[in-house]
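Chain by chain, the residues:
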Amino acid sequence: MLLARRKRLVADLPPLDQVVRGSFFVRRLRCGHADRCRCGRGQLHRAAYLSVTLKGGVTEQITVPRELEPLARAWVKNYARWWEAVERISAINRQLLRRRL
């Protein structure tokens, strides 16, 4: 039973080459020309980012073009699915070890 559950978890994972760790978010902001731009009148510019905190606390932000937003969102979601699967598989493996496999 545990082995079958573990096998199903692995089989349901998205491809590993389609994951990215980070957070995807969209901001509305003013540009450097707010005095002569529409953003100065409240029509803010839209910008999408992938943000990742690296070792040492350094944060990297990548601007994501609109046409790549669905891909970036999917890769972030896939990472979360992998992480969740690792936790579930780890729990199954602990049970297997307790039962001496």
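This text goes with the structure placed above it.
Predicted, not measured: the structure shown is a model, and the values here were computed from it.

Rules of the game
Residues numbered from 1 in each chain as written. Predicted model: local features only at pLDDT ≥ 70, side-chain atom pairs only at ≥ 80, totals over all residues. Heavy atoms only, no water. Helix = DSSP H or I, 4+ residues; strand = E, 2+ residues; numbered from the N terminus. Contact = heavy atoms within 4.5 Å. Core = buried A, V, L, I, M, F, W, Y, C linked by side-chain atoms within 4.5 Å. Buried < 20%, exposed > 50% of the residue type's maximum accessible area, 1.4 Å probe, protein only. Expected span 1.5 Å × (residues − 1).

(A) Local environment of the side chain of Glu 69. Relative to the helices and strands, Glu 69 resides in helix 2 (residues 69-98). Those residues within four positions of Glu 69 in sequence are excluded, and the remaining contacts are Phe 24, Arg 46, Ala 48 and Val 64.

(B) Highlighting the nonpolar core. Counting residues in hydrophobic clusters, the biggest one holds seven residues: Phe 24, Ala 48, Leu 50, Val 52, Val 64, Ala 72 and Val 76. At the level of elements, strand 2 (45-53) and helix 2 are the ones that each hand at least two residues to this core. Of the residues forming this core, the biggest block, three residues, is contributed by strand 2. Look past the residues within four positions of Ala 72 in its chain and what remains in contact with it is Val 20, Phe 24 and Val 64. Counting residues in hydrophobic clusters, the runner-up holds five residues, among them Leu 2, Leu 9, Ile 89 and Ile 92.

(C) Looking closely at helix 2. Helix length check: helix 2 (30 residues) gives 44 Å between terminal C-alpha atoms against 44 Å at 1.5 Å per residue, within 8%. Residues of helix 2 that are buried: Glu 69, Ala 72, Val 76, Asn 78, Ala 85, Ile 89, Ile 92 and Leu 96. Close packing links the buried residues of helix 2 with helix 1 (2-11), strand 1 (23-29) and strand 2. Just past helix 2, the residue Arg 100 takes up positive phi, approximately 65°.

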